[in-house]
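Notes for the structure review
Okay, here's what each chain looks like letter by letter:
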Amino acid sequence: MKKGKSGNSKYYKQIFSIGLPILLGQLGVIITGFVDVMMVGRYSTEALASASFVNSIFNLMNIVCLGFSYGITPIVGAYYAKGEDRKLGAVMKTALILNVIFGLLCGVVMLIVYVFLDEMGQPEHLLPLMKPYYLVIFVSMFPLVVVNALRQFTDGITDTKLGMIILLGGNVLNIAGNWFLIYGKCGFPEWGLFGAGVSTLVARLLMLVAYVICILVEKRYREYLYGFIEGFITFSEMRRVTRLSFPISMQMGMETAIFTIATVFVGWIGAEYLAAYQVVVVMGTFGFMVYYCFGASMSIMIANYAGVGDKEQVRRCAKSGYVIILGSALLASLMFLLVGEQIIASFTEDKVVIGIAMSLIVPWIVYQFGDATQVAYANALRGIKCVMPVMKYAFISYIVLGIPMCYVFAFPIGGGIIGVFLSFALALLVAGLLFMRRFYKELEKGELK
């Protein structure tokens, strides 16, 4: 027993050492999201409600694109564990091109959504704010696609500090840009919500430039660059990357779709409810991003162990990662239970919005543990390259069950916005249990792929 505990401490250390830089970088994203909403919310309730709707739509597309980039991680982790640096560089060439193509396809979808923006039943007086903000966030989506792909490469070879530094730097620039362009400080125009979008675009472009420069000049990446330059793009390699990337993208996209479609439902209730929903969802990204950082770290380690066929190490790493993620869910829940009112009040001075948001804290806490479970075991399955079942289970949990229940709980049952959050809890828990069951079933089979 003592030996087992000693052995497990190794996995905790590995997951923390890789995950903490990812977490610090993502905390920068979270803080920027908080500050964005605070600054927009203090500009006007209308701007906050408009940002809620547009950001929910783009969160779906950004998560889909991020999920597609996650397919790189198990391949990179396996090559890295074997020391095959040039092959790793070659596969990154294929992966980067596929991510750009996928991003362009998603961009076409977003343009179609824009055409039908007037038909989505949102408050008419918000449309003049939504439309220009939508377009500038649309443009900012493309540099983010490339940044995501490059980050999966650097994280996959355990250089998580580079992504952390670039994300933190980009987020500092974004916050500064918000101050100048939302409120018109230091001679800049007062663009309100549109200014927040322009600031996001500039920050994402500079993050991309920084990533490219660092990879080109850092000695550690030299062998990978040689492989990138010399490698050939083959149909078989494109198919291999796509077979991993697409199911992950769809799984994450279907999960996010619940929150996006729920935004439309909440918009039917009223602008104040939409603003409150945005505040609580932004608060919720704190928990979600923490879980995903340690989940990504766990996935990298599992990919390394799976690459050399060590099933026992895979099993123990997954259990250790799940403990860490559950602990994170408990801490996030306690924090929002204790100081949730103060956090909400920092976003807006509108008493109605604050009251609605306060009523959502307990329903928000209810779904954290299902969320933590599905994050942990989706990443565990990703690490062993078992991704097709994840897409199937996601469809059952999020689309077949989650979205209809969101509507039923909100309207026919009469739960309103609280019913929306309770439907999240049900869908996420079902997904987590299905992912967990499949992971351990895969470990009972023969050799890892």
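Residues numbered from 1 in each chain as written. Predicted model: local features only at pLDDT ≥ 70, side-chain atom pairs only at ≥ 80, totals over all residues. Heavy atoms only, no water.

Considering the overall build of the protein chain
Each helix and strand in the protein chain was counted, giving 16 helices and zero strands. What you see for the protein chain is a C-alpha radius of gyration of 21 Å, in line with the 22 Å of a compact globule of 449 residues. The C-alpha extent of the protein chain, read off along each of the three principal axes, is 55 × 50 × 40 Å. Counting all 449 residues of the protein chain, 59% fall into the buried class. Considering only contacts in the protein chain between residues 6 or more positions apart, those separated by 24 or more positions represent 85%. Summed over its atoms, the accessible surface of the protein chain is roughly 18,100 Å², and 69% of this surface lies on carbon and sulfur atoms. Placing the 34 positive and 25 negative side-chain charges of the protein chain at their respective mean positions leaves the two points 13 Å apart. (Helix = DSSP H or I, 4+ residues; strand = E, 2+ residues; numbered from the N terminus. Rg over C-alpha atoms; globule rule 2.2 N^0.38 Å. Buried < 20%, exposed > 50% of the residue type's maximum accessible area, 1.4 Å probe, protein only. Contact = heavy atoms within 4.5 Å. Areas by Shrake-Rupley, 256 points an atom, 1.4 Å probe, with all protein chains shown as cover. Lys, Arg positive; Asp, Glu negative; His and termini not counted. Charge placed at Lys NZ, Arg CZ, Asp CG, Glu CD.)

Some points on a nonpolar patch on the surface
Taken together, the side chains of Leu330, Leu331, Leu334, Met335, Leu337, Leu338, Val339, Val362, Val366, Phe369, Ile418 and Leu422 present a nonpolar region at the surface, about 1,000 Å² in accessible area. Element by element, the count of residues in the nonpolar patch is highest for helix H11 (residues 311-347), at seven residues. (Patch = residues over 30% accessible without salt bridge, like charges linked within 9 Å, V, L, I, M, F, W, Y side chains within 5 Å. Salt bridge = Lys/Arg side-chain N within 4 Å of Asp/Glu carboxyl O.)

With respect to the packing of aromatic side chains
In the structure shown here, the tally under the stated rule is 31 aromatic pairs. An angle of 65° between the planes, with centres 5.8 Å apart, marks the rings of tyrosine 277 and phenylalanine 421 as edge-to-face. Pair noted here: tyrosine 277 is in helix H10 (residues 271-307) and phenylalanine 421 is in helix H16 (residues 416-443), with a separation of 144 residues, a long-range link. Taken individually, tyrosine 277 and phenylalanine 421 each receive the classification buried, so the pair is uniform in this respect. (Phe/Tyr/Trp six-rings, centres within 6.5 Å; stacked < 30°, edge-to-face > 60°.)

So, unusual backbone geometry
Residues other than glycine predominantly adopt negative phi, and peptide bonds predominantly adopt the trans conformation. In this structure, cysteine 186 takes a positive phi of about 55° despite not being glycine. Residue class for cysteine 186 comes out exposed when judged on its relative accessible area of 60%. For lysine 385, which is not a glycine, the phi torsion comes out positive at approximately 65°. Looking at the secondary structure, you find lysine 385 in the loop between helix H14 (368-383) and helix H15 (388-410). Using a relative accessible area of 24% as the deciding quantity, one classes lysine 385 as partly exposed.

Overview of the pattern of salt bridges
A complete count under the given rule lists nine salt bridges for this structure. Between aspartate 155 and arginine 151 there is a salt bridge, with the nearest N and O atoms lying 3.5 Å from each other. Of this pair, aspartate 155 and arginine 151 are both found in helix H5 (residues 127-156), four residues apart, which corresponds to roughly one turn of the helix. Classification of aspartate 155 as buried rests on a relative accessible area of 4%. Here glutamate 442 ties to lysine 445 by a salt bridge, and the two come within 3.0 Å at their closest N and O atoms. Owing to a relative accessible area of 43%, lysine 445 belongs among the partly exposed residues under this scheme. Put simply, Arg86, Glu223 and Glu230 are held in one network by salt bridges that share partners.

Observations concerning the packing of helix H2 (residues 45-70) against helix H9 (residues 235-269)
Remark: H2 packs on H9, axes separated minimally by 6 Å, with the N-to-C direction vectors making an angle of 170°. It follows from the interaxial angle that H2 and H9 lie roughly antiparallel. Residues Ser52, Phe53, Ser56, Ile57, Asn59, Leu60, Ile63, Val64, Leu66, Gly67, Phe68 and Tyr70 of H2 touch H9, and the partners they reach there are Ser245, Phe246, Ile248, Ser249, Met250, Met252, Gly253, Thr256, Ala257, Thr260, Thr263 and Val264. (Axes fitted to C-alpha atoms, helices over the stretch in contact; angles between N-to-C directions. Parallel < 35°, antiparallel > 145°, perpendicular 65-115°, else oblique.)

So, the nonpolar core
Ranked by size, the top nonpolar core spans 156 residues in total, and within it Tyr277, Tyr398, Phe421, Phe424, Phe435 and Phe439 carry the most contacts. Broken down by element, this core gets its largest block of residues, 23 residues, from H10. In this structure phenylalanine 435 touches Gln251, Gln374, Tyr377, Ala378, Leu381, Val390, Tyr393, Ala394 and Tyr398, once residues within four positions along its chain are discounted. (Core = buried A, V, L, I, M, F, W, Y, C linked by side-chain atoms within 4.5 Å.)

Some details on the side chain of asparagine 148
Examined against the element boundaries, asparagine 148 turns out to sit in helix H5. For asparagine 148, a relative accessible area of 13% translates into the label buried.

Description of the state of the cysteines
Applying the stated criterion across every chain yields a total of zero disulfides. Here cysteine 293 is not disulfide-linked; the sulfur of cysteine 317 is the nearest cysteine sulfur, at 16 Å. Using a relative accessible area of 1% as the deciding quantity, one classes cysteine 293 as buried. On the basis of relative accessible area, cysteine 317 is assigned to the buried category, the value being 0%. (Disulfide = S-S within 2.5 Å.)

What about the packing of H10 against H16?
Following both chains from N to C, one finds H10 and H16 inclined at 35°, their axes separated by 11 Å at the closest point. Of the two elements, H10 crosses H16, and the hand of that crossing is right-handed. For the pair H10 and H16, the contacting residues are Tyr273, Tyr277 and Val280 in the first and Ile417, Val420, Phe421 and Phe424 in the second. Each residue belonging to the contact of H10 with H16 can be placed in one class, and the counts come to seven nonpolar, no polar and no charged. (Left-handed = near helix turned anticlockwise from the far one by under 90°. Nonpolar A, V, L, I, M, F, W, Y, C, P; charged D, E, K, R; others polar.)

Considerations on the confidence of the model for the protein chain
With 96% of its residues at a pLDDT of 70 or more, the protein chain has an overall mean of 86. Predicted confidence is poor over residues 1-6, with pLDDT under 50, and the contacts of this stretch with residues over four places away or in other chains come to two contacts. (pLDDT = per-residue confidence, 0-100.)

Some thoughts on the environment of alanine 276
Considering the arrangement of structural elements, one finds alanine 276 in helix H10. Put simply, alanine 276 and leucine 48 are 228 residues apart on the chain and 9.0 Å apart in space, counted from C-alpha to C-alpha. Ignoring sequence-local partners within four residues, the contact set of alanine 276 consists of Val353, Ile356 and Ala357.

Some details on the environment of serine 359
Checked against the element boundaries, serine 359 lands in the loop between helix H12 (351-358) and helix H13 (361-366). Once the C-alpha coordinates of serine 359 and isoleucine 417 are considered, the two residues, 58 residues apart in sequence, prove to be 9.2 Å apart.

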